[in-house]
Number of protein chains: 2
Amino acid sequence: NRSRSLRIVWLLEELNIPYEIKNYIRGADGLAPKELLDVHPLGKSPVISDGDRVIAESGVIVDYLIKKYGNGKFLPTEENYLDNEYWNHFSEGTLMSAVVMKVIFTKIPAQVPFFIRPLANMICSGFDAGYVKPNVDRSVAFSEDTLKKRGDGWIAGGDKDGNPTAADFMMVFPLQAGVGLGVVPEDSAIKAYIARATGRDAYKRAVERGGV
Amino acid sequence: NRSRSLRIVWLLEELNIPYEIKNYIRGADGLAPKELLDVHPLGKSPVISDGDRVIAESGVIVDYLIKKYGNGKFLPTEENYLDNEYWNHFSEGTLMSAVVMKVIFTKIPAQVPFFIRPLANMICSGFDAGYVKPNVDRSVAFSEDTLKKRGDGWIAGGDKDGNPTAADFMMVFPLQAGVGLGVVPEDSAIKAYIARATGRDAYKRAVERGGV
């Protein structure tokens, strides 16, 4: 629950291969339960098991599944190869880190006792304005500019038949989180892109099956 | 300055190819200056220019340089392929995010006016204990366990001749940051690993040339 796993389910639906979802419920501390540590020593979700192989890190899982089960679909063209790598890494390494930091600095004031809340608000909003917000804004603006140039296409240019690539399976989720945080403009290429992705039949099936 | 760039310089030295370093000094806000935005729209460092190509995201730069200039050196064996991908993504997506969060929660109390510092300390250390520390500790413990199993080897098993791979060029830096934060045990496989990497001639040359 509350994980970054839906994008993996989305890809599995696009690949049209059989799979089974196991749900793990976070503890009161927000961390994964002990049972998930038995699957992978880092105890983070998503993690997949394929035969004897256990694979973690969303960007690796997405690449692995596309290469192994895609029959060439969802692979970037040679021209789009580096862009596909870039947005895959950017998704977790830059955008998601920035988004998580923003969520945390928004959440902290709500979690402290009410009599120190104004002070917590002051501290957090100062840090947000000076450091977190500029990072989030730059990341969102760069995504927006890129998507504008792509028109109706995918963020790294798509595969040879106009399908999404790993970059898209990775990028839709943190951009949705950005929308949730109110940092994405209403009439934006990002929102059109999210609508394009989430409007796909495979995405809709993923949401239905996607677990808790 | 204060960037994640040294690992790229280290790799360039290992590859023994000519390169030029351009230094960019962060503004008072800790963010990259406008001139870096002219190189790459995200304005983050490291970023490399190779001919007409501008490439960002450390994990992508490292892969690109090894593939283009390594003549097969520093490439993982087939058996180590997935591990190499894993640690490359883990480095920025998981470990570095956790480390940066830990740094921030340590720094905030020092940056607020002294009369609210005890309160800021209380808020930050509560959040650190409940969320940040467990994440850092798990990431460090998993790195430690893996390196212990590798003995004198590299984190993803190395290339066919026992040289480091992309995973190592990525992982040494955040582990050093972990040492700086005091979350790495004294007599650990991590410390031996860092010593092994930083003891290489190419690493020493990188430190000499590595800029501000």
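Just so you know, these numbers come straight off a predicted model, no measurement behind them. (Residues numbered from 1 in each chain as written. Chains lettered and ligands numbered in written order. Predicted model: local features only at pLDDT ≥ 70, side-chain atom pairs only at ≥ 80, totals over all residues. Heavy atoms only, no water.)

### Re the domain arrangement of chain A
All names here are of chain A.
Inference 1: Entries for chain A in the domain assignment read domain 1 (4–70) and domain 2 (78–210).
Inference 2: Spacing between the C-alpha centres of domain 1 and domain 2 amounts to 20 Å.
Inference 3: With 16 residues of domain 1 at the interface, the matching set in domain 2 holds 23 residues.
Inference 4: Carbon and sulfur atoms make up 62% of the area that domain 1 and domain 2 hide from each other, which totals about 1800 Å².
Inference 5: Of all residues in domain 1, Arg 4, Arg 7 and Trp 10 give up the largest surface area on contact with domain 2, accounting jointly for 41% of the area buried on that side.
Inference 6: In this structure, the salt-bridge partner of Glu 92 is Arg 7, at a minimum N-O distance of 2.3 Å.
Inference 7: On inspection of domain 1 and its partner domain 2, the count reaches nine residue pairs in polar contact (both at pLDDT 80 or more).
Inference 8: If you list the elements that add at least two residues to the side of domain 1 that touches domain 2, you get helix H1 (6–15) and helix H3 (58–69). (Domains from an automatic or database assignment. Contact = heavy atoms within 4.5 Å. Buried area = accessible area lost by both parts, 1.4 Å probe. Salt bridge = Lys/Arg side-chain N within 4 Å of Asp/Glu carboxyl O. Polar contact = N/O pair within 3.5 Å; in protein donor to acceptor, adjacent residues only side chain to side chain. Helix = DSSP H or I, 4+ residues; strand = E, 2+ residues; numbered from the N terminus.)

### Notes on the packing of aromatic side chains
Inference 1: Enumeration according to the criterion identifies 27 aromatic pairs over all chains in this entry.
Inference 2: Note on Trp10(A) and Tyr203(A): the rings are 5.3 Å apart at their centroids and 70 degrees apart in plane angle, and the pair reads as edge-to-face. Note that Trp10(A) is positioned in helix H1 and Tyr203(A) in helix H8 (residues 201–209), a separation of 193 residues in sequence. For the residue pair Trp10(A) and Tyr203(A), the accessibility class agrees, reading buried in each case.
Inference 3: Between Trp154(B) and Tyr193(B) the ring centres are 6.0 Å apart and the planes differ by 65 degrees, which places this aromatic pair in the edge-to-face class. Of this pair, Trp154(B) sits in the loop between helix H5 (117–150) and helix H6 (166–180) while Tyr193(B) sits in helix H7 (residues 189–198), and the two are 39 residues apart along the sequence. The two residues Trp154(B) and Tyr193(B) agree in class, both being buried. (Phe/Tyr/Trp six-rings, centres within 6.5 Å; stacked < 30°, edge-to-face > 60°. Buried < 20%, exposed > 50% of the residue type's maximum accessible area, 1.4 Å probe, protein only.)

### What about the UniProt feature "domain: GST N-terminal" (unreviewed entry) in chain A?
Inference 1: With numbering matched to this structure, UniProt assigns "domain: GST N-terminal" (unreviewed entry) to residues 1–73 of chain A.
Inference 2: With 38% helix and 11% strand, the stretch residues 1–73 of chain A has end C-alpha atoms that lie 29 Å from each other. (UniProt positions renumbered as here; feature names shortened; annotations may be inferred.)

### A closer look at the pairing of strand E1 (residues 47–50) of chain B
Residues and elements named next belong to chain B.
Inference 1: Where E1 lies against strand E2 (residues 53–56), four bridges are found, and the strand directions are antiparallel. Within E2, the position partnered with Ser 49 by the bridge is Val 54.
Inference 2: Turn length for the E1-E2 hairpin, with the two strands adjacent in sequence and antiparallel, is two residues, and the turn residue Gly 51 shows positive phi of about 65 degrees. (Pairing = 2+ DSSP bridges.)

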